[in-house]
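Residues per chain, in single letters:
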Amino acid sequence: MITIESLTKSYGGFRAVDEVTFTARPGRVTGFLGPNGAGKSTTMRIVVGLTPATSGSATLLGREYADLPNPGREVGVLLDASAQHAGRTGREVLNIAARTMGLPKSRVGEMLERVSLTEEEAARRVGNYSLGMRQRLGIAAALLGDPEVLILDEPANGLDPAGIRWMRDLLRGFADGGGTVLLSSHLLHEIEVIADDIVVIGNGRIVAQGTKEELLAAGGTLVRAADQSALVAALQAAGLKARPGASGVVLAEAGLATVGAAAFAAGIPLTELRAADSAGLEEMFLALTAESQRDHLSAEGAAA
Ligand SMILES: Nc1ncnc2c1ncn2[C@@H]1O[C@H](COP(=O)(O)OP(=O)(O)OP(=O)(O)O)[C@@H](O)[C@H]1O
């Protein structure tokens, strides 16, 4: 369990993390989602005691990271896969970590196998690893102490599609075994396929949080008719929030049945009617974090 309460981090007058409150629960994968510079890494660094908070608190299993007696046995952390000593081999990195945590050497072999790094790869210097191999080694190091909690910053970076699938299954298995997983990403799709709960951050502030199902349902309905503006007008006249999106689609903030009935009552034949699902979630993500998006995409463009 990770509990974050009113966490704030200021750099001079700039608030990188602003009153962030959320909980990552056991048995669930919590996705921490936000655009570049939103404050994800800063939050995670505070949780694992690498950056002091300006105010607020972050606890793991009821205690601050610094107060955990043998942190590696309780919390597995992967913040920066490139932070490993480039001159050591993968096996050496894990051997040293195992010794620090008081674990038998046999655990290293088990973890290498678990992350699919071969004997030959484990004997190579980390400086010569590909990014994906570094991520695998970082995950092996995080899992080494058989922790209850995993904290991973952008763990899918550099993994190929098979690697992403592998990581998803690994994290699912970890959570199904009662573990708590907090992972960050700036990619909505990655979080959508992996997470049970989603926390969205923009400009240092939490802008949405809930289960994936709740957030997907909040995405509304995608509806289409030959005459887009007539459809928007009819839905609005029926008291629904509706706005035009790209390529003739209309996004309505209501359920399928309500939207369908409103169009029917107005005599407008529909060519498409479906839950917005991930398109809605993406739209919501871009809208909620719009202030912190550097590319200022229009919400309409995102719905296409
Ligand atoms: N030591 C520091 N001094 C000043 N500003 C900082 C410092 N560390 C982070 N920041 C700022 O805090 C903000 C949040 O950064 P953070 O790395 O937490 O974002 P992020 O959500 O992890 O982004 P990304 O997806 O790009 O990794 C950024 O604007 C960053 O420049």
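For the structure, check the block above.
Conventions we followed
- Residues numbered from 1 in each chain as written.
- Predicted model: local features only at pLDDT ≥ 70, side-chain atom pairs only at ≥ 80, totals over all residues.
- Helix = DSSP H or I, 4+ residues; strand = E, 2+ residues; numbered from the N terminus.
- Buried ≥ 20, exposed ≤ 12 C-beta atoms within 10 Å, placed from the backbone.
- Near = placed C-beta within 6 Å.
- Nonpolar A, V, L, I, M, F, W, Y, C, P; charged D, E, K, R; others polar.
- Pairing = 2+ DSSP bridges.
- Axes fitted to C-alpha atoms, helices over the stretch in contact; angles between N-to-C directions.
- Core = buried A, V, L, I, M, F, W, Y, C linked by C-beta atoms within 7 Å.
- Domains from an automatic or database assignment.
- Contact = placed C-beta atoms within 7 Å.

### Things to note about unusual backbone geometry
You will see that Ser-6, though not glycine, has its phi angle at about 45°, which is positive. Assignment of secondary structure puts Ser-6 in strand E1 (residues 2-11). Exposure remark for Ser-6: the 12 C-beta atoms within 10 Å place this residue in the exposed category.

### Digging into the site of the ligand
Neighbouring the ligand are the residues Tyr-11, Ala-16, Gly-34, Asn-36, Gly-37, Ala-38, Gly-39, Lys-40, Ser-41, Thr-42 and His-186. The class makeup of the residues in the shell around the ligand is 3 nonpolar, 7 polar and 1 charged.

### Some words on the sheet that holds strand E9 (residues 205-211)
Pairing in this open sheet of 6 strands is mixed, and the strands run E5-E6-E7-E3-E8-E9 from one edge to the other. Bordering the open sheet on either side are strand E5 (75-78) and E9, each of which pairs with just one other strand. Each strand of the sheet is rotated relative to its neighbour by a mean of 15°, with strand direction disregarded. With 4 bridges connecting them, E5 and strand E6 (residues 149-153) associate as parallel partners.

### Thoughts on the nonpolar core
Counting residues in each nonpolar core, the largest one holds 65 residues, and the members touching the most others are Leu-94, Ala-140 and Ile-151. It is helix H6 (residues 131-143) that provides the largest number of residues to this core, a total of 7 residues. In terms of domain composition, this core takes at least three residues from each of domain 1 (2-211) and domain 2 (218-302). If sequence neighbours within four positions are ignored, Leu-94 has contacts with Val-108, Met-111, Ala-140, Ala-141 and Leu-144.

### Observations regarding the environment of Arg-28
Note on placement: Arg-28 falls in the loop between strand E2 (14-24) and strand E3 (29-33). Spatially, the C-alpha atom of Arg-28 lies 26 Å from that of Val-108, the residues being 80 residues apart in sequence. Those residues within four positions of Arg-28 in sequence are excluded, and the remaining contacts are Ala-175, Asp-196 and Asp-197.

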